[in-house]
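What follows is each chain in one-letter form.
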Amino acid sequence: EAGVAQSPRYKIIEKRQSVAFWCNPISGHATLYWYQQILGQGPKLLIQFQNNGVVDDSQLPKDRFSAERLKGVDSTLKIQPAKLEDSAVYLCASSSRGTGGSYEQYFGPGTRLTVT
Amino acid sequence: GEDVEQSLFLSVREGDSSVINCTYTDSSSTYLYWYKQEPGAGLQLLTYIFSNMDMKQDQRLTVLLNKKDKHLSLRIADTQTGDSAIYFCAEVPGYSSASKIIFGSGTRLSIRP
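Scope of this entry: the structure provided in the associated data block. As the structure is a prediction and not an experimental result, all values here were calculated from the model.

1. Details of the pattern of salt bridges
All names here are of chain A. The final tally for this structure, using the stated rule, is four salt bridges over all chains. A salt bridge links D57 to K62; its shortest N-O distance comes to 3.7 Å. For R64, the salt bridge is made with D86, and the minimal N-O distance between the two is 2.5 Å. Taken together, the residues R64 in the loop between strand 6 (53–56) and strand 7 (65–68) and D86 in the loop between strand 8 (75–79) and strand 9 (88–97) connect sequence positions 22 residues apart.

Here it is in structure tokens:
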């Protein structure tokens, strides 16, 4: 079974530029998550999709961040314009309900963004 | 608040047991997880425990849950160099949907020879 794919793996941009990240979840996983992981911290949820609908975007800075999941499969996360404090690893995850009832999230390798 | 707390660092000798501790926030949390993150990689689910259990064992891993104190621990027996990583504790709060997870800041485990 293929895992969660993300691209690019690394991106360096200048502040005020725009950037977009792409995620392809595990086939059949209805739920998709985008997390921001700042160095030395745990992942922080930015947005959660169920199929192509938004379940939770309460921590998404909507003035500069946007995300979409057309057709309920792939997703893109965009930052426009970027700030220095956006430097982080952006993780995509997808989940299915495990046999024990828990939602087991599977993570992609992440995109490391550096804003200069 | 939504802070899952963990100590930042743990150093153990190869072959010894490692115990990583975590304090979570919501006494009604349904699931508690341990994830492992190796350098440059995403997070890998190691194990989880349901809130009606107080212990779960899976090969070298033992998870202990103390609901009264909201304390979770992960014990790794016979720690090996391949266990070097950052370990994240995470909870599913009772007030959230079953699929929202809140992560701690992670404990960096280093192994000395």
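2. Digging into the interface of chain A and chain B
Listed per partner, the contact involves 22 residues of chain A and 19 residues of chain B. Both faces combined, the contact of chain A with chain B buries some 1600 Å², and carbon together with sulfur accounts for 50% of it. Applying the counting rule to chain A against chain B returns zero salt bridges. Our count for the chain A to chain B interface comes out at two residue pairs in polar contact (both at pLDDT 80 or more).

3. Some points on unusual backbone geometry
All names here are of chain A. Cis geometry marks the peptide bond from S7 to P8; its omega dihedral reads -10°. Its place among the elements puts P8 in the loop between strand 1 (5–7) and strand 2 (10–13). In this chain, Q80 is followed by P81 through a cis amide linkage whose omega measures -10°. Tracing the backbone through its elements, the reader meets P81 in the loop between strand 8 and strand 9. In this structure, N51 takes a positive phi of about 55° despite not being glycine. Structurally, N51 is set in the loop between strand 5 (44–50) and strand 6.

Conventions and cut-offs
Residues numbered from 1 in each chain as written. Chains lettered and ligands numbered in written order. Predicted model: local features only at pLDDT ≥ 70, side-chain atom pairs only at ≥ 80, totals over all residues. Heavy atoms only, no water. Salt bridge = Lys/Arg side-chain N within 4 Å of Asp/Glu carboxyl O. Helix = DSSP H or I, 4+ residues; strand = E, 2+ residues; numbered from the N terminus. Contact = heavy atoms within 4.5 Å. Buried area = accessible area lost by both parts, 1.4 Å probe. Polar contact = N/O pair within 3.5 Å; in protein donor to acceptor, adjacent residues only side chain to side chain.

By themselves these figures say nothing about function.
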